[in-house]
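Coordinate analysis (summary)
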Amino acid sequence: MKERAVLTGKHFMSGDDACAEGALAAGCRYFGGYPITPSTEVAERLARRLPEVGGVYMQMEDELGSIASILGAAAAGARSMTATSGPGLSLMQENLGLAVMLELPCVLVDIQRGSPSTGLPTMAGQSDVMQARWGSHGDYSVVAYAPWSPQEIFDLTILAFNVADRFRVPVLILSDEVIGHMVERVVIPPAEQIPHWERKGPRQPPPALDEPPYRSFQADEDDLVPPIAHAGEGYRVHFTGLTHNEIGYPEITPETHDKLVRRLIAKIQRNADQIIRTEGYYLEDAEVVVISYGCTARSARRAVREAREAGIPVGFLRLISLWPFPETQIKDLACTVKEFIVAEMNLGQMRLEVERCVQRPVRGVHHAGGELITPERIRGAIQEAISR
Amino acid sequence: MSKRKASEYQSGVKPIWCPGCGDYAVLNALRQAFAELEIPPHEIAVASGIGCSSRFPAFLNTYGFHGVHGRPLPLATGMKVGNPALTVVAVGGDGDGFSIGGGHIPHAARRNIELPYIVMDNNIYGMTKGQPSPTTPRGTQRKASPYGSLEDPLNPIMMALAYGTTFVARAFSGQPKELAAIIKAALLHPGFAFVQVLSPCVTFRNTYQHYREITQPLPEDFDRTDLMAAMRLAQETETLYRGIFRQDESKLGYVQRVREMRAQVKPLAGVDEVVEQYAR
């Protein structure tokens, strides 16, 4: 079974297929989803492949059911995932908040398309960035990664499962139609080289009936993550979306609420160095820095490389993790950089974040979605910034 | 005699329900059924939605999952396929199950997923203080329907039968022994088991007396495999029949279907294997 789960070797594969293979290599054994363009190929590949490795693929009746089912499977101990696009992610938001509140590890793949509403179902977009961060009600933190190639969606899907399990948090793969449908070389390493971070399990045996109850939401002091006990492992666990105490029982008080919500956010902040991923090019002496992610980062890299070849002091910061936002890295850059350019296939969602972090001019290169932003447009923005 | 006692399944949490609420009888019946079947508490997982009855998992000493409104079925389905060794039970109320979550019942039935779904039907939204629910009789005057509700109530038993549910039953909180027997039968059913429990809300819609008058057991000679006979009796509204309307064990449950499929799966050949085939 193990060798069927990890298709070690060199492949020519679409991003959606590579995402599915990343999930299988990571040990995903349950997928619940609902067909939606342009993410459907993730589901179709898993429909064929999961039964080969002893897993379950389920086409659910809607996206609300899809995410509810992966939370159920997560509580039963399975690595579980769903895949969707913007409209489906909107429908999943209530349960995404539940996953945050219950600290249930799971992976949500969003192959973004032109939005809002039904938008451009078959064309790319990057406008779910804020939906991924703030779409559910309340204060909370999630993790989101934006791959820029089929190889990277494979790698980041594995990382997504590891981060989800290690920190008990839902993790999003915020990809886009360009990457989902692009076919490129994907190298899958041998099974023993696939990184695997464990969920922390309970460190004491289940308490007897006359002993104090198991404290399933008692977080460890160092990482603020409580160990998880799955259904069937002998522990009595009570999950509720209501504000709960360390035993898991509802405790409807402002003090408990404030403490719980603050911990859920602090948990991500405290472990940010293990979660955040960025990649920098030509940053040392850069006067202008282009920030981009996902499919648009491919255009940005070319624009920056060409500008460098023309002797322009421009650098490039690629955001691999969008959430938590790599605030420190960007603040550090602002000490030496004169101007930032944010290139993204939406009308300025990440530009807002960059503007929040730096006291420097921030120029945007945007498009509402449907076609890739060209290197020429970004090159033009670099020229304007340099000659300002 | 069972080696387990119903009290073993009791958590330390006191129910939030009003004194006299029909849901106490359902809680007791479920504990009793678990004890009679001698299922260890940690091998049971109970999933619910939102509403008075959905607070249920907190009052049991089992694994419990109080999720969002209307989603106990997909949640329970995920748990069951995630760990088929578990005894998984979905519970909730009529608003949770027939209104916001109504879209999930046909699909649980189509899958014949191996779990009972117990709906505590009080014909009202109790937790939000008495708005009309999908089973509230038409014309009912409440704060949210001051001129009388305009919708007809749906018939949960007819609905479950029409969806092809393989186990369909109606019970009444005022008949606790019968209720426990029906829940036990639902737990033993190797597929999706739908149980509507008439479970009155003493605060906003006290129907105990009404149900004592209009309910009666299904006829003694009733055949649980006769779908048309079940439909005829389910249509009756002047008399509400209690008991098991349908019990069909001929269809495989979902977990069994998955196992059968897996046994037949032949992995697609890899590139090397294809090349080798042509080389020969």
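Rules used throughout
- Residues numbered from 1 in each chain as written.
- Chains lettered and ligands numbered in written order.
- Predicted model: local features only at pLDDT ≥ 70, side-chain atom pairs only at ≥ 80, totals over all residues.
- Heavy atoms only, no water.
- Salt bridge = Lys/Arg side-chain N within 4 Å of Asp/Glu carboxyl O.
- Helix = DSSP H or I, 4+ residues; strand = E, 2+ residues; numbered from the N terminus.
- Buried < 20%, exposed > 50% of the residue type's maximum accessible area, 1.4 Å probe, protein only.
- Domains from an automatic or database assignment.
- Contact = heavy atoms within 4.5 Å.
- Buried area = accessible area lost by both parts, 1.4 Å probe.
- Polar contact = N/O pair within 3.5 Å; in protein donor to acceptor, adjacent residues only side chain to side chain.
- Pairing = 2+ DSSP bridges.
- Axes fitted to C-alpha atoms, helices over the stretch in contact; angles between N-to-C directions.
- Core = buried A, V, L, I, M, F, W, Y, C linked by side-chain atoms within 4.5 Å.
- Left-handed = near helix turned anticlockwise from the far one by under 90°.
- Nonpolar A, V, L, I, M, F, W, Y, C, P; charged D, E, K, R; others polar.

A word on the pattern of salt bridges. Going through the model one piece at a time under the given rule, you end up with 36 salt bridges over all chains. In this structure, A:R363 and A:E384 form a salt bridge, with 3.0 Å as the shortest nitrogen-oxygen distance. A residue pair is termed long-range when its members are at least 10 positions apart, and A:R363 in strand β16 (residues 362-366) and A:E384 in helix α14 (residues 375-386) qualify at 21 residues. By relative accessible area, which is 47% here, A:E384 ends up partly exposed. With a closest N to O distance of 2.6 Å, B:R4 and B:E8 form a salt bridge. Since its relative accessible area comes to 26%, B:R4 is described here as partly exposed. Within the structure, one salt-bridge network assembled from shared partners comprises A:R4, A:D17, A:E21, A:R45, A:R49 and A:E52.

A word on the domain arrangement of chain A. All names here are of chain A. Segmentation of chain A into domains returns domain 1 (2-193) and domain 2 (279-387). For domain 1 versus domain 2, the distance between C-alpha centres works out to 27 Å. If you look at the interface, domain 1 gives 28 residues, while domain 2 gives 27 residues. For the pairing of domain 1 and domain 2, the buried interface totals around 2100 Å² over both sides, and the portion due to carbon and sulfur atoms is 61%. Three residues, Q126, M130 and W148, lead the burial of domain 1 against domain 2; their summed loss comes to 37% of the area buried on that side. Across the domain 1-domain 2 interface, the total number found is 2 salt bridges. E152 is paired through a salt bridge with R318; the nearest N and O atoms lie 2.8 Å apart. At the boundary of domain 1 with domain 2, the tally comes to 16 residue pairs in polar contact (both at pLDDT 80 or more).

All names here are of chain A. On the basis of which strands lie adjacent, the open sheet formed by 5 strands has the order β11-β13-β12-β15-β16 and mixed pairing. The two strands at the open ends of the sheet, each matched to only one other strand, are β11 (278-281) and β16. Mean inter-strand twist for the sheet, computed between neighbouring axes without regard to direction, equals 20°. Looking at chain direction, strand β12 (residues 288-292) and strand β15 (residues 339-344) are connected through 5 bridges and run parallel. Paired with I291 across the strands is V342, a residue of β15. Here helix α11 (residues 294-309) sits on the sheet and contacts β11, β12, β13 (314-319) and β15; the angle it forms with β13, its principal contact strand, is near 165°.

Judged by nonpolar contacts, the single largest core of 102 residues is most densely connected at A:F340, B:F65, B:F192 and B:F194. It is helix α5 (residues 86-102) of chain A that provides the largest number of residues to this core, a total of 8 residues. Two domains share this core, each providing at least three of its residues, namely domain 1 (2-193) and domain 2 (279-387) of chain A. Ignoring anything within four residues of it in the chain, the contact list for B:F65 reads A:L71, A:A75, A:L98, A:L102, A:L104, A:F239, B:V46, B:A47, B:S48, B:P57, B:L75 and B:M79.

Here A:R262 lies in helix α9 (residues 254-270). Between the C-alpha atom of A:R262 and that of A:S141, which follows or precedes it by 121 residues, the distance is 10.0 Å.

A few words on the interface of chain B and chain A. Each partner contributes to the interface: chain B provides 40 residues, whereas chain A provides 44 residues. For the chain B and chain A pair, buried surface summed over both sides reaches about 3300 Å², with 64% attributable to carbon and sulfur atoms. Summed over the shared surface of chain B and chain A, the number is 1 salt bridge. A salt bridge links A:E61 to B:R111; the shortest N-O distance between them is 2.7 Å. Counting across the chain B and chain A interface gives 17 residue pairs in polar contact (both at pLDDT 80 or more).

Let's shift gears to the packing of helix α2 (residues 15-26) of chain A against helix α7 (residues 150-167) of chain A. All names here are of chain A. The interhelical angle for the contact between α2 and α7, taken along N-to-C directions, is 35°, at an axis separation of 7 Å. For the pair α2 and α7, the sense of crossing is right-handed. Taking contact as the criterion, the partners of G15, A18, C19, E21, G22, A23, A25 and A26 in α2 are, on α7, P150, I153, F154, T157, I158 and F161. The residue inventory of the contact of α2 with α7, partitioned by class, reads 10 nonpolar, 3 polar and 1 charged.

What follows is about the sheet that holds strand β2 (residues 63-66) of chain B. Pairing is mixed in the open sheet, where 9 strands are placed in the order β10(A)-β2(B)-β1(B)-β3(B)-β4(B)-β8(B)-β7(B)-β10(B)-β9(B). Two strands bound the open sheet, and with one partner strand each, they are β10 (238-240) of chain A together with β9 (215-217) of chain B. On average, each strand axis in the sheet is inclined to that of its neighbour by 20°, with strand direction left out of account. In this sheet, strand β10 (residues 240-247) of chain B lies alongside β9(B) in parallel orientation, the contact comprising 3 bridges. Bridged to B:Q216 within β10(B) is B:Y241.

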